[in-house]
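Spelled out from the first residue to the last, the chains are:
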Amino acid sequence: MKYLLIEDSEEKAAAISDFVLLKDSLASIEHVDNLSDARICILTKKYDLIIFDVYLPNQKGEIEQDISAEIVADFSKSHNYYVETIAITKYVDEALERSPLFNDNGITLVSYLGGDGVADQQWKDSLAYKIRRISSRSRLDFVVFCALIKERIGYVNTAARIGDLKQIGGLNCQEIFIDKYRGMCITPSRMGLVNMAVASTKAIELFSPKIVAMSGICAGVEGESKLLDIVVGQICWEYQTGKFKEGKFRQEPYQVPMNTLLKTEIEQLAEQPEFVRNLKEGLFDTELKDSTVRVAPVSSGSVVIADAERMSAIGEQHRKWAALEMEMYSMYEAASQSLCAPLFFGAKAVVDMGDSAKGDSLHATACTISARFIVEVLKRKLPEVVAD
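All values derive from a computational prediction rather than experimental measurement.

Structural notes on the overall build of the chain
Stage number 1. Scanning the chain from terminus to terminus reveals 12 helices and 19 strands.
Stage number 2. With respect to the principal axes defined by its C-alpha atoms, the chain has extents near 75 × 55 × 35 Å.
Stage number 3. Put simply, the chain has 388 residues, and 51% of those count as buried.
Stage number 4. Put simply, 72% of the contacts in the chain that link residues at least 6 apart link residues at least 24 apart.
Stage number 5. In the structure as shown, the chain presents an accessible area of about 18200 Å², 50% of it carried by carbon and sulfur atoms.

Right, dumping it as structure tokens:
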């Protein structure tokens, strides 16, 4: 585990470091002794546990002063905001006075008295608890979301290795391995925007993955996609946002875009005939003959649509939209707002055109080819992003 120790007292730093190593013999401890260096570390690096001091010099060699407000402000806007934290101070009165500031930002504040007596056991107990928490927490390389169990089953027919089913933090998880990289395939309790928003937000903050993705099935849009096309969400929005006024619905869609560089890489993959052929290997539906990969706008909503007129009305929000589904926007929004800032993309295969001819005959194939697409993209991206 990676620790950041922010402390200017050599004696206190040594005592804390010794205690950390006693509880975690493999701990990697980075030690800084002034506010300037602490800010750089907090804002540019990622840690498993951060140990603060309340009084520090601004620069090395200067006189120490109360830096609580400054360091908490930097911490609260950094990628480390959701990691375990503890502030250990030898100034007992100041600890009581400053506790609301630290507690409001999720930082445990305890007193350090020095020595080995009972009175000094509080900081050790608190720090030991933090170490136990991070030791039991899993950090994953990637997380994949599927709205339905049958969509998750599609990964059985991919190059990924499927592991055990687990329940972690109340989430329905299945281990999945791509080469040497470990991830989870997570299915929410029910399909739809709300349940996916809850599941994806919890999972991203719990596992801090480098990449999150989504596979599954969707409805296509006449003229922009065909049956068994894989549609990758270039941008995604919820078509239901807006306002009813005087009997009319006035749309107010908010769009979340995919990372521009990732979008370009996927577009280039889609242009490679061999890549697309490999996604279809061993599958024989006639619709596969002309199907391809499209990077295009995708809209999400809370209800299943089987009405051509309703599809046409939704299409007024973006003339190039290619697919309609029920979860992707939630994952895009959760990933874009997360402080761990993972890359994100979604890819779903078209099984109907959102009209009355809706059926499930193509579902198994669609689940397989969309899962294969996700795995192949992750195989290419994981070595790059996990090394960062």
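The discussion continues.
A short note on helix 7 (residues 193–207)
Stage number 1. Under the 1.5 Å per step criterion, the end-to-end length of helix 7 is 21 Å for 15 residues, consistent within 8% with the ideal 21 Å.
Stage number 2. When we look at burial in helix 7, the residues that qualify are Leu193, Asn195, Met196, Ala199, Ser200, Ala203, Ile204 and Phe207. The buried residues of helix 7 occupy an angular sector of 155° when the element is viewed end-on, so they sit on one face.
Stage number 3. A positive phi of about 45° marks Ser208, the residue just after helix 7.

Topic: the packing of helix 1 (residues 10–23) against helix 5 (residues 121–135)
Stage number 1. Where helix 1 contacts helix 5, the two axes come as close as 10 Å, and the packing angle between them is 45°. As summarised for this structure, helix 1 and helix 5 are arranged oblique, according to the angle between their axes. Handedness of the crossing formed by helix 1 with helix 5: right-handed. In this structure, helix 1 contributes Ala15, Ile16, Phe19, Val20 and Lys23 to the contact, and helix 5 contributes Trp123, Lys124, Leu127, Ala128 and Ile131.
Stage number 2. Its residues placed into classes, the contact of helix 1 with helix 5 shows eight nonpolar, no polar and two charged.

Quick word on a positive patch on the surface
Stage number 1. Where like charges cluster on the molecular surface, the positive patch consists of Lys243, Lys245, Lys248 and Arg250.
Stage number 2. Of all the elements in the fold, those that place two or more residues in the positive patch are strand 14 (242–245) and strand 15 (248–251).
Stage number 3. Positionally, Lys243 belongs in strand 14.
Stage number 4. For Lys243, a relative accessible area of 52% translates into the label exposed.

A few points about the sheet that holds strand 1 (residues 2–6)
Stage number 1. Strand order in this open sheet of five strands is 2-1-3-6-7, and the pairing throughout is parallel. Each end of this open sheet is capped by a strand with a single partner; those strands are strand 2 (28–32) and strand 7 (108–111). The mean inter-strand angle of the sheet, taken between neighbouring strand axes irrespective of direction, is 20°.
Stage number 2. Strands strand 1, strand 3 (49–52), strand 6 (84–89) and strand 7 of the sheet are contacted by helix 5, whose axis makes an angle of about 165° with strand 6.

Some words on the nonpolar core
Stage number 1. Phe345 and Phe373 are the most contacted members of the largest nonpolar core, which has 78 residues in total.
Stage number 2. In this structure, Val54, Val83, Ile107 and Leu109 belong to the second largest nonpolar core, which totals 22 residues.

Considerations on the pattern of salt bridges
Stage number 1. Taken as a whole and assessed by the stated rule, the structure comprises 18 salt bridges.
Stage number 2. Two residues, Lys166 and Glu175, come together in a salt bridge whose shortest N-O distance is 3.6 Å.
Stage number 3. Classification of Lys166 as partly exposed rests on a relative accessible area of 32%.
Stage number 4. Of the residues examined, Glu175 reaches a relative accessible area of 10% and is grouped as buried.

Looking at the side chain of Asn105
Stage number 1. With respect to the secondary-structure elements, Asn105 resides in the loop between helix 4 (92–104) and strand 7.
Stage number 2. What Asn105 contacts, discounting residues up to four positions off in sequence, is Val72, Phe75, Ser76 and Tyr81.

Comments concerning the confidence of the model for the chain
Stage number 1. This prediction gives the chain a mean pLDDT of 89; 92% of its residues lie at or above 70.
Stage number 2. No element of the chain has a lower mean pLDDT than helix 10 (residues 308–314), at 63, and none a higher one than strand 8 (residues 142–145), at 98.

Thoughts on the packing of helix 8 (residues 260–270) against helix 12 (residues 363–386)
Axis angle and axis distance: for two packed helices, these are the angle between their axes and the distance between the axes, and together they describe the pair.
Stage number 1. Two elements in contact, helix 8 and helix 12, have axes separated by 12 Å at closest approach and are oriented at 120°. Between helix 8 and helix 12, the angle is such that the two are oblique. Handedness of the crossing formed by helix 8 with helix 12: right-handed. On the side of helix 8, the interface is formed by Leu262, Glu265, Ile266 and Leu269, while helix 12 contributes Phe373, Val377, Arg380 and Lys381.
Stage number 2. Residues belonging to the contact of helix 8 with helix 12 are distributed by class as follows: five nonpolar, no polar and three charged.

Here we look at the environment of Ser78
Stage number 1. Summarising the element assignment, Ser78 is placed in the loop between helix 3 (68–76) and strand 6.
Stage number 2. Note on Ser78: relative accessible area 2%, which makes it buried.
Stage number 3. Taking the C-alpha atoms as reference points, Ser78 and Ser25, separated by 53 residues in sequence, lie 27 Å from one another.
Stage number 4. A polar side-chain atom of Ser78 sits 2.9 Å from the main-chain carbonyl oxygen of Phe75.

Conventions we followed
- Residues numbered from 1 in each chain as written.
- Predicted model: local features only at pLDDT ≥ 70, side-chain atom pairs only at ≥ 80, totals over all residues.
- Heavy atoms only, no water.
- Helix = DSSP H or I, 4+ residues; strand = E, 2+ residues; numbered from the N terminus.
- Buried < 20%, exposed > 50% of the residue type's maximum accessible area, 1.4 Å probe, protein only.
- Contact = heavy atoms within 4.5 Å.
- Areas by Shrake-Rupley, 256 points an atom, 1.4 Å probe, with all protein chains shown as cover.
- Expected span 1.5 Å × (residues − 1).
- Arc of directions from axis to C-beta.
- Axes fitted to C-alpha atoms, helices over the stretch in contact; angles between N-to-C directions.
- Parallel < 35°, antiparallel > 145°, perpendicular 65-115°, else oblique.
- Left-handed = near helix turned anticlockwise from the far one by under 90°.
- Nonpolar A, V, L, I, M, F, W, Y, C, P; charged D, E, K, R; others polar.
- Patch = residues over 30% accessible without salt bridge, like charges linked within 9 Å, V, L, I, M, F, W, Y side chains within 5 Å.
- Salt bridge = Lys/Arg side-chain N within 4 Å of Asp/Glu carboxyl O.
- Lys, Arg positive; Asp, Glu negative; His and termini not counted.
- Charge placed at Lys NZ, Arg CZ, Asp CG, Glu CD.
- Pairing = 2+ DSSP bridges.
- Core = buried A, V, L, I, M, F, W, Y, C linked by side-chain atoms within 4.5 Å.
- pLDDT = per-residue confidence, 0-100.
- Polar contact = N/O pair within 3.5 Å; in protein donor to acceptor, adjacent residues only side chain to side chain.

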